[in-house]
Amino acid sequence: DPPTTEIYTLSLHDALPISTMVDIHLERLDNKVSFQVTDNGKGIDLSEKNGGIGLLGMRERVDALGGKFEVKSRQDGGVTISVTLPYSEQGDVEL
């Protein structure tokens, strides 16, 4: 699987078992592709150094592709994972 597909799959894999709602937003603007996965699960402790092995793996893949990776956990529960990657018509990023 291309790295971007794996990032997307990992974010859903972690969200689905503990959430009753998962919102997925995918957008291409000019030379960037971004996606955001938001759930209403229990949230995660972002004070951990790497935020867990899954998040670390996603961050490494996004960094390797020259992208931006962000995780937000709300106090009332739920997590939002946002990824922005460079895109060109030559197919530098596959979704």
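Definitions and cut-offs
- All chains use their own residue numbering, which begins from 1 and follows the written sequence.
- Reporting of local features is limited, given that this is a predicted model, to residues whose pLDDT is at least 70; pairs of side-chain atoms are given and counted only at 80 or more, and all residues count toward the totals for whole chains, interfaces and linings.
- Side-chain calculation: all heavy atoms of the structure are included, whereas hydrogens and water are not.
- Salt-bridge detection follows one rule: a side-chain nitrogen of Lys or Arg within 4 Å of a carboxyl oxygen of Asp or Glu.
- A 1.4 Å probe rolled over the protein chains alone gives each residue an accessible area, and that area as a share of the maximum for its type sets the label: buried under 20%, exposed over 50%, partly exposed in between.
- As used here, the term nonpolar core means buried Ala, Val, Leu, Ile, Met, Phe, Trp, Tyr and Cys residues forming a set that is joined through side-chain atoms within 4.5 Å.
- Every helix listed is a DSSP run of H or I at least four residues long, and every strand listed is a run of E at least two residues long, numbered separately from the N terminus.
- Two strands pair if DSSP finds at least two bridges between them.

**Student:** Looking at this structure, how should I read the pattern of salt bridges?
**Tutor:** One side chain can pair with another of opposite charge once the charged atoms of both are near each other. Counted by the stated rule, this structure contains two salt bridges. Measuring nitrogen to oxygen at the nearest pair gives 3.9 Å for the salt bridge that ties K72 to E70. For E70, a relative accessible area of 31% corresponds to the partly exposed category. For the salt bridge of R74 with D76, the shortest nitrogen-to-oxygen distance reads 3.7 Å. Assessed through its relative accessible area of 33%, R74 is described here as partly exposed.

**Student:** Got a minute to help me understand the nonpolar core in this structure?
**Tutor:** Of all hydrophobic cores here, the largest spans 11 residues; its members are F35, V37, L55, M58, V62, F69, V71, V79, I81, V83 and L85. No other element matches strand β4 (residues 79-86), which puts four residues into this core.

**Student:** It is not clear to me how the pairing of strand β2 (residues 32-39) should be interpreted in this structure. Could you clarify?
**Tutor:** As paired elements, strand β1 (residues 22-29) and β2 share eight bridges and run antiparallel to each other. Opposite H25, over in β2, you have Q36 as the bridge partner. In this structure, the hairpin formed by β1 and β2 is closed by a connection of two residues, where D30 is found at a positive phi of approximately 50°. In this structure, β2 lies alongside β4, joined through seven bridges in antiparallel fashion. Its bridge partner being in β4, K32 is matched across the sheet by P86.

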